[in-house]
Structure formats: C-alpha cells, structure tokens
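The residues making up each chain are set out below.
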Amino acid sequence: MPTAPFAIGNVAVLPRTAVNLRPRGGVFCHPLRRSTSRPLLCSITSELSQREEDREVPLQGLSPVAGGIVALGKFEALHIGHRELAIQAAKVGPPFLLSFVGMAEVLGWEPRAPIVAKCDRRRVLSSWAPYCNNMIPAEFQVEFSSVRHLTPRQFVEKLAKELGVRGVVAGENYRFGYRAAGDALELVRLCEEYGLGAYIIGSVMDKKQYARNMNSSNSKERGQVSSTRVRRALAVGDMRYVSELLGRKHRLILMAKDQDGFTSNKSRVSAPKSCLLNLAPKEGLYEKCSLYIGEDNLVPCKVVIDTKHVHIEMDEVSTCNIVGNQDLRLLCIEFGDSGT
C-alpha cells in the first residue's frame, strides 16, 4: 500500500487510512482544491462555475432531480456511510439519493425484510437535515430493469440528459453500468465529459471490524460500514454495534393486520411477527428500549422476541393507558444499546 499520494491521469490518489466510524482519507482529490470544513474526501473533476450554481431550474418538463446533486448507491440501511454521501451532495446543491428498485426480482434474489421500514425512511432522512445544510435529502428511485443493460457511458448520459442532474456523489467502491463494468475513476471521467460535477468520497470505515478484514479477498469488503454489516449485527443481537453503524438507534415498526392484531395482558403487549414491517434483531431479551405510540407518546420498555412473537413489557399503568386510550394499529420500538 503506498504511503504517499500518486497520480492516475489528472486525479491525485491519496493513501488509505482507517478511522473509527468516520470517513477515511480522500481517495480521489483534486490537487488544487481542498475544503477545511470537513476531511477532504472528494474529487471535483468538473468544477461548477458560479453561473451553473446560480442557474434557475425550470419547474416543468424535467425530472424531480433536475438541477440537483444525486448520491448513488443502494441506501438500504441508511447508515452513516450513506449519510456521508448526502452530506457531500448537500454541500453543492439539493441532495438526492438515487437508487434502483426491482433488483431482487430481476436478478432472482430471495425476498428479505428491509432494515428500515418504508414508512420510516422519511423520518430517518429528516434527521440528517442538520448535517445537510438544513436540507432533507429526497429519495429518487429508478426501475432497475430500465437501466440494467446500460453501459457506463449510457448511464451517465441518462443522468445528464434525461434526468438533468448537476452532479453526482459516489463512494470509492461504487460500480455501475452493465455487469458493473464502470468504477469510480470511470464515473469521474464520464461526468467530466458530460459537464457534471463528480464527487468521489472515501469509505466510512468500521474500526471495530477493520482489522479482521485487512486481508479480505473480497474486493468490496475492506472494512467499510455497509448494510451487510448492519444485517449481521442485527442477526447476533448486538444493538450497540447496530447503533454505531446506523448513527441512530434501530427502530422496529409493527403494523396490526386484520387477521393478526396486537394483544395485551397486564404488563405486556404482544404482536405476531407477521406484523413486522422491517428486520428485527435475533430472538432474545432487549432492555432499555422505548415504545413510541404516535409521535409524542414515549414509554420505556423491555422487548422479548421469540420464534413467533414480539413482546413489549412495560409497567401495568403504562400498558393500561396505551391499550385503553390508543387504537393499537401501529407500534414503533426503538432499541437501546443493550444486546441479547
């Protein structure tokens, strides 16, 4: 591993360093521009002129992301690495998270529960506003089947001409185009060709797991924070680790269905797992949790997860108040840092 910057074409490449749950040193950096407000993690290969920054975006006939800066990724867990992409996008313009839907169906993957419930994603993104110049990143989804066979050039052309974006942000390991033929360097080159700003940021590293992955043969697994790591942490019930990866506490959403409602018994409210809207941690007891009823009603609780149910244990007064005064259709459980 080199210890000093070296050059690839007109792009300077800095050495890799590991930082505990923080962005690592810039990977592709413009040699003449450096920001001092945050660690420099980006390359701006096509600088946006003041005229481009100030231009007005027509409201009609353009895509919702026209004039914006799109962060590229899967954004499954909305973890701190994803948040860093949004932060960089917000430094330049209105931030959007661009991802693809329908990948599992097209590629034949087994369906699995989302890490973040669909109805809870807006709340999570809203919590990023203080990091993003008080802007809430908006999600924009593209059908995977419509872009699956695009070459890297065709994909960037779609961003520039069809979607009308001003720039893109991606992680250093981002791959795109048919059969993932394009890498971050090619994204930089193509964006420059099409007049887009290109911002490539270093991976947010997970120091807790970094050492054991130093010699990983998986080119995508270099110790960075990822949705896969969040899933693995949930699978072993390590909620402190989950919170570190997400930058927030994991929230589990349960919605009562006609055939599967919630039941209560003294100090316990129970729900079948069929009510889950997102991924629960492994079976076991979780202390220091909170139950949200609506937006304002917060009740301390314990959570017991077994093979078929999720049980929420509170004091009897809290249980009676909730059951007696609320239409129990939606429950939100936020997990503390305790684990099984």
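As the structure is a prediction and not an experimental result, all values here were calculated from the model.

(A) Inspection of the confidence of the model for the protein chain at higher detail. Across the protein chain, the average pLDDT comes to 80, with 73% of residues at 70 or higher. The low-confidence segment residues 1-58 (pLDDT under 50) makes 121 contacts with residues lying over four places distant or belonging to another chain.

(B) Broad picture of the pairing of strand β14 (residues 309-313). Sheet analysis places strand β11 (residues 268-272) next to β14, joined by five bridges and oriented antiparallel. Bridging across to β14, Val269 finds its partner in Ile312. In this structure, strand β13 (residues 297-305) lies alongside β14, joined through four bridges in antiparallel fashion. Across the sheet, Val303 pairs through a bridge with Ile312, a residue of β14. The hairpin turn running from β13 into β14, its antiparallel successor, is three residues long.

(C) Spotlight on the sheet that holds strand β6 (residues 138-143). Reading across the sheet, the five strands line up as β6-β5-β4-β7-β8 and stay open at both edges, with parallel pairing between neighbours. Looking at which strands have only one partner, the edges of the open sheet turn out to be β6 and β8 (197-201). On average, each strand axis in the sheet is tilted by 30 degrees relative to the strand beside it, whichever way the strands run. Bridge analysis of strand β4 (residues 69-72) against strand β7 (residues 167-171) gives three bridges, and the strand direction is parallel. Residue pairing in the sheet places Val70 in a bridge with Val168 of β7.

(D) Up close: the environment of Lys118. If you trace the backbone, Lys118 turns up in the loop between α3 (103-107) and α4 (121-127). Sequence separation between Lys118 and Ile253 is 135 residues, and the spatial gap between their C-alpha atoms is 9.6 Å.

(E) Seen up close, the pattern of salt bridges. Tallied over the entire structure, the rule returns 15 salt bridges. Arg121 is paired through a salt bridge with Glu139; the nearest N and O atoms lie 2.6 Å apart. In this pair, Arg121 is assigned in helix α4 and Glu139 in strand β6, connecting sequence segments 18 residues apart. With a relative accessible area of 13%, Arg121 lands in the buried category. Residue classification places Glu139 among the partly exposed positions, given a relative accessible area of 29%. For Asp238, the salt bridge is made with Lys208, and the minimal N-O distance between the two is 3.2 Å. With Asp238 in the loop between α9 (227-236) and α10 (239-246) and Lys208 in helix α8 (residues 207-210), this residue pair connects regions lying 30 residues apart in the sequence. According to the relative accessible area criterion, Asp238 is partly exposed, its value standing at 25%.

(F) Spatial organisation of the sheet that holds strand β9 (residues 251-255). Ordered in space as β9-β15-β12-β13-β14-β11-β10, the seven strands form an open sheet in which the pairing is antiparallel. Bordering the open sheet on either side are β9 and β10 (263-265), each of which pairs with just one other strand. Each neighbouring strand pair of the sheet contributes to a mean axis angle of 30 degrees, computed without reference to strand direction.

(G) Geometry of the packing of aromatic side chains. Counted by the stated rule, this structure contains five aromatic pairs. Between Phe100 and Phe155, the ring centres sit 6.1 Å apart and the planes meet at 65 degrees, which makes this aromatic pair edge-to-face. Taken as a pair, Phe100 in strand β5 (residues 95-101) and Phe155 in helix α6 (residues 152-162) lie far apart in primary sequence, 55 residues in all. Judged by its relative accessible area of 5%, Phe155 is buried. Put simply, the rings of Phe100, Phe144, Phe155, Tyr174 and Phe176 pair up and form one aromatic cluster. One residue, Lys208, lies across the ring of Tyr241, its end atom 4.3 Å from the ring centre. Here Arg251 stacks its cationic end above the ring of Tyr292, 4.2 Å away from the centre of that ring.

(H) Layout of the pairing of β13. Where strand β12 (residues 284-293) and β13 come together, eight bridges link them in antiparallel fashion. Among the inter-strand pairings, Cys289 is bridged to a residue of β13, identified as Cys301.

(I) Quick peek at the side chain of Ser203. Residue position: Ser203 is located in the loop between β8 and α8. A distance of 3.4 Å separates the side chain of Ser203 from the side chain of Asn173, its partner in a polar contact.

(J) Here's a closer look at unusual backbone geometry. At Phe75, a residue that is not glycine, the phi angle is positive and equals roughly 55 degrees. In this structure, Phe75 sits in the loop between β4 and α2 (80-92). Residue classification places Phe75 among the buried residues on the basis of a relative accessible area of 0%. The backbone of Asn134 shows a phi angle near 60 degrees, a positive value even though the residue is not glycine. When you line up the elements, Asn134 lands in the loop between α4 and β6.

(K) A look at the packing of α6 against helix α7 (residues 184-193). Taken N-terminus to C-terminus, the directions of α6 and α7 make an angle of 50 degrees; their axes are 10 Å apart at the nearest point. The pairing of α6 with α7 is recorded here as oblique in orientation. Where α6 crosses over α7, the handedness of that crossing is right-handed. For the pair α6 and α7, the contacting residues are Pro152, Arg153 and Val156 in the first and Glu186, Leu187, Arg189, Leu190, Cys191 and Glu193 in the second.

Reading the values: rules and limits
Residues numbered from 1 in each chain as written. Predicted model: local features only at pLDDT ≥ 70, side-chain atom pairs only at ≥ 80, totals over all residues. Heavy atoms only, no water. pLDDT = per-residue confidence, 0-100. Contact = heavy atoms within 4.5 Å. Pairing = 2+ DSSP bridges. Helix = DSSP H or I, 4+ residues; strand = E, 2+ residues; numbered from the N terminus. Axes fitted to C-alpha atoms, helices over the stretch in contact; angles between N-to-C directions. Salt bridge = Lys/Arg side-chain N within 4 Å of Asp/Glu carboxyl O. Buried < 20%, exposed > 50% of the residue type's maximum accessible area, 1.4 Å probe, protein only. Phe/Tyr/Trp six-rings, centres within 6.5 Å; stacked < 30°, edge-to-face > 60°. Lys NZ or Arg CZ within 6 Å of the ring centre and 35° of its normal. Polar contact = N/O pair within 3.5 Å; in protein donor to acceptor, adjacent residues only side chain to side chain. Parallel < 35°, antiparallel > 145°, perpendicular 65-115°, else oblique. Left-handed = near helix turned anticlockwise from the far one by under 90°.

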